[in-house]
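This is what each chain is made of:
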Amino acid sequence: MKRLLKTMLCIGVMGSTYSNFIVNANENEETQKEVTNELNLPVSQQIDFYAMDYTAPQVNEKSLRVDKQTVRPGEVVKVSLQVTDDISGVEDVQIQYEKPISKNKQWISLKYNYSTGLYEGSIFVDESTESGVWKIDCIVVSDYKDNTDWVYNIELNPYESGKNLSQGNFKV
């Protein structure tokens, strides 16, 4: 059975009036040939298929981890998370932590680690780092088509439809 795309494919035909023709299609060469035949196009005309991406990347909050629950000045805490995207690919993953005393926010950027298959980032803890439990306020992910999703921590944002992000907490 062929795997169907969840989105639509837009077909642009070079030098023709079919540039805005849209069709639901399978993600394979056979379908491209079927569409070419349906449009009665000569084989010499080039058809370009473009996947239209309207879906933001998905965060697997159950994969959220910190490598240390307790951190001292001079140490680094590493945060990891699984994020996937169906078409254009994950472009950016950011986590915003709430500091325990001032309640100010600190962003960290996560980068893809090919050996683990996870997005990873780190926070260096020094003498000026606020003591207490650092909690994730939110996770923001976007793909190469600017589809963005915000995942809020239900503990800090009870008015949002949040998730339990406590596995990303660490204590200084």
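Residues numbered from 1 in each chain as written. Predicted model: local features only at pLDDT ≥ 70, side-chain atom pairs only at ≥ 80, totals over all residues. Heavy atoms only, no water.

Peer 1: Pulling in residues and values, what's your account of unusual backbone geometry?
Peer 2: Positive phi, close to 65 degrees, is recorded for Lys 103, a residue that is not glycine. Residue placement: Lys 103 occurs in the loop between strand E6 (90-98) and strand E7 (105-113). In the Ramachandran plot, Asp 146 falls in the positive-phi region, its phi being about 65 degrees despite a non-glycine side chain. Structurally, Asp 146 is set in the loop between strand E9 (133-143) and strand E10 (148-152). Residue classification places Asp 146 among the exposed residues on the basis of a relative accessible area of 64%. (Helix = DSSP H or I, 4+ residues; strand = E, 2+ residues; numbered from the N terminus. Buried < 20%, exposed > 50% of the residue type's maximum accessible area, 1.4 Å probe, protein only.)

Peer 1: A description of the packing of aromatic side chains should follow, citing residues and the corresponding values.
Peer 2: Throughout the structure, instances matching the rule amount to seven aromatic pairs. Considering the side-chain rings of Tyr 97 and Phe 170, the 5.3 Å spacing of their centres and the 65 degrees angle between planes classify their relative orientation as edge-to-face. Of this pair, Tyr 97 sits in strand E6 while Phe 170 is found in strand E11 (residues 170-171), placing the two residues 73 residues apart along the sequence. Of the two residues, Tyr 97 and Phe 170, both sit in the buried class. A centroid spacing of 6.1 Å and a plane angle of 20 degrees characterise the contact between Trp 150 and Tyr 152, whose relative ring orientation is stacked. Here Trp 150 falls in the partly exposed class, since its relative accessible area comes to 43%. (Phe/Tyr/Trp six-rings, centres within 6.5 Å; stacked < 30°, edge-to-face > 60°.)

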